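Examination of the molecular architecture
Each chain is listed here by its residues.
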Amino acid sequence: MNKQGNKIGYVKGVFIVFITAFIAIQFYRPNKNSQKEATYSDFLTTEAAPEAVATLFKNSCYDCHSNKTEYYWYDHISPISWYVDTHVMDGKNELNFSVWRTTDYRTKRVHLSNIITNITEGKMPLSSYTFMHPKTKLSDKQIEQILAWVSTIEVK
Ligand code: HEC
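Presented here is a report on the structure given in the accompanying data block. (Residues numbered from 1 in each chain as written. Predicted model: local features only at pLDDT ≥ 70, side-chain atom pairs only at ≥ 80, totals over all residues. Heavy atoms only, no water.)

**Side note on helix α6 (residues 105-120)**
- Relative to the 22 Å expected for 16 residues at 1.5 Å per residue, α6 spans 22 Å between its end C-alpha atoms, a close match to the ideal helical length.
- For α6, every residue scored as buried is listed here: Lys108, His111, Leu112, Ile115 and Ile119. Looking straight down α6, one finds that the buried residues subtend no more than 100 degrees of arc, so they occupy a single side. Opposite the buried face of α6, at more than 90 degrees from it, the exposed residues are Arg106 and Thr120. (Helix = DSSP H or I, 4+ residues; strand = E, 2+ residues; numbered from the N terminus. Expected span 1.5 Å × (residues − 1). Buried < 20%, exposed > 50% of the residue type's maximum accessible area, 1.4 Å probe, protein only. Arc of directions from axis to C-beta.)

**A word on the site of the ligand**
- For the ligand, the set of nearby residues contains 19 residues, the closest of which are Cys61, Cys64, His65, Asn114 and Met124.
- For the ligand, a nitrogen atom lies 2.8 Å from a polar atom in the side chain of histidine 65.
- The cavity where the ligand resides is the largest pocket.
- If you list the elements that add at least two residues to the shell around the ligand, you get α4 (62-65), α5 (80-94) and α6.
- Considering each element in turn, the shell around the ligand owes the most residues, five residues, to α6. (Near = heavy atom within 4 Å. Polar contact = N/O pair within 3.5 Å; in protein donor to acceptor, adjacent residues only side chain to side chain. 1 Å grid on protein atoms, 1.4 Å probe; cavity = no way out; pocket = protein on both sides within 12 Å on 5 of 7 lines; lining within 4 Å. Sits in = over half its atoms within 2 Å of the grid points.)

**Structural notes on the coordination of the iron atom of the ligand**
- At this site the iron atom of the ligand is bound by His65 (NE2) and Met124 (SD), with donor distances of 2.0 to 2.3 Å.
- If you look at the iron atom of the ligand, its six donor atoms make angles of 85 to 177 degrees with each other, and the shape they trace is octahedral. One end of the pair, histidine 65, is in helix α4; the other, methionine 124, is in the loop between α6 and α7 (127-132), and 59 residues separate them in sequence.
- Given the relative accessible area of 31%, methionine 124 is considered partly exposed. (Donors = N, O, S within 2.8 Å, 3.2 Å for Na, K, Ca; no water. Tetrahedral: all angles 85-135°; square planar, octahedral: opposite > 155°, others 65-115°.)

**Examining the packing of aromatic side chains**
- Within this structure, the stated rule accounts for nine aromatic pairs.
- Taken together, a centroid distance of 4.7 Å and an interplanar angle of 70 degrees make the contact between phenylalanine 43 and tryptophan 100 edge-to-face. Here tryptophan 100 lies in the loop between α5 and α6 and phenylalanine 43 lies in helix α2 (residues 43-46), a separation of 57 residues in the sequence. An identical accessibility class is assigned to phenylalanine 43 and tryptophan 100; each is buried. (Phe/Tyr/Trp six-rings, centres within 6.5 Å; stacked < 30°, edge-to-face > 60°.)

Here is the structure:
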């Protein structure tokens, strides 16, 4: 084989290894975070959130901070699914809105004040997420709307 042929052979080899690896990793998928309906212990239900605010939380926070993630088609493809899963696990570990009612009041207070700080400072939703899903980004007006409501919550 001449030099050119070797090069093509090499590129083909790398391509085949890459494709094989890509197919192989599709078998390693995280369990989906897909509880059917919002439950009795949900944050927005417990605190009787107005419809408009509830929509904002569901759109911008619930994918990572509840038991129900709305997946996009590409979220099912490894290794994207691994990346998404890590965010969901980390987000839920910190704060899970689906189990709000049964959280003790001290923890609730910490969460509420953290929600206020994180939203005020623009840290939540995560920028890597709003970059992929621009509709989840909160406008200044929406931020005000959330803050106004959250500051009225009295936890028991
Ligand atoms: C893409 C996933 C994702 C989205 C969407 C998201 N978060 Fe988070 N959130 C995380 C992760 C991961 C952490 C933990 C690590 C960190 O702070 O970066 C976290 C941490 C937090 C914390 C600190 C936890 C505590 O001690 O109470 C609060 C509060 C919070 N998020 C609120 C929100 C709110 C409110 C929204 C919606 C406006 C939101 N997050 C949207 C992933 C997310």
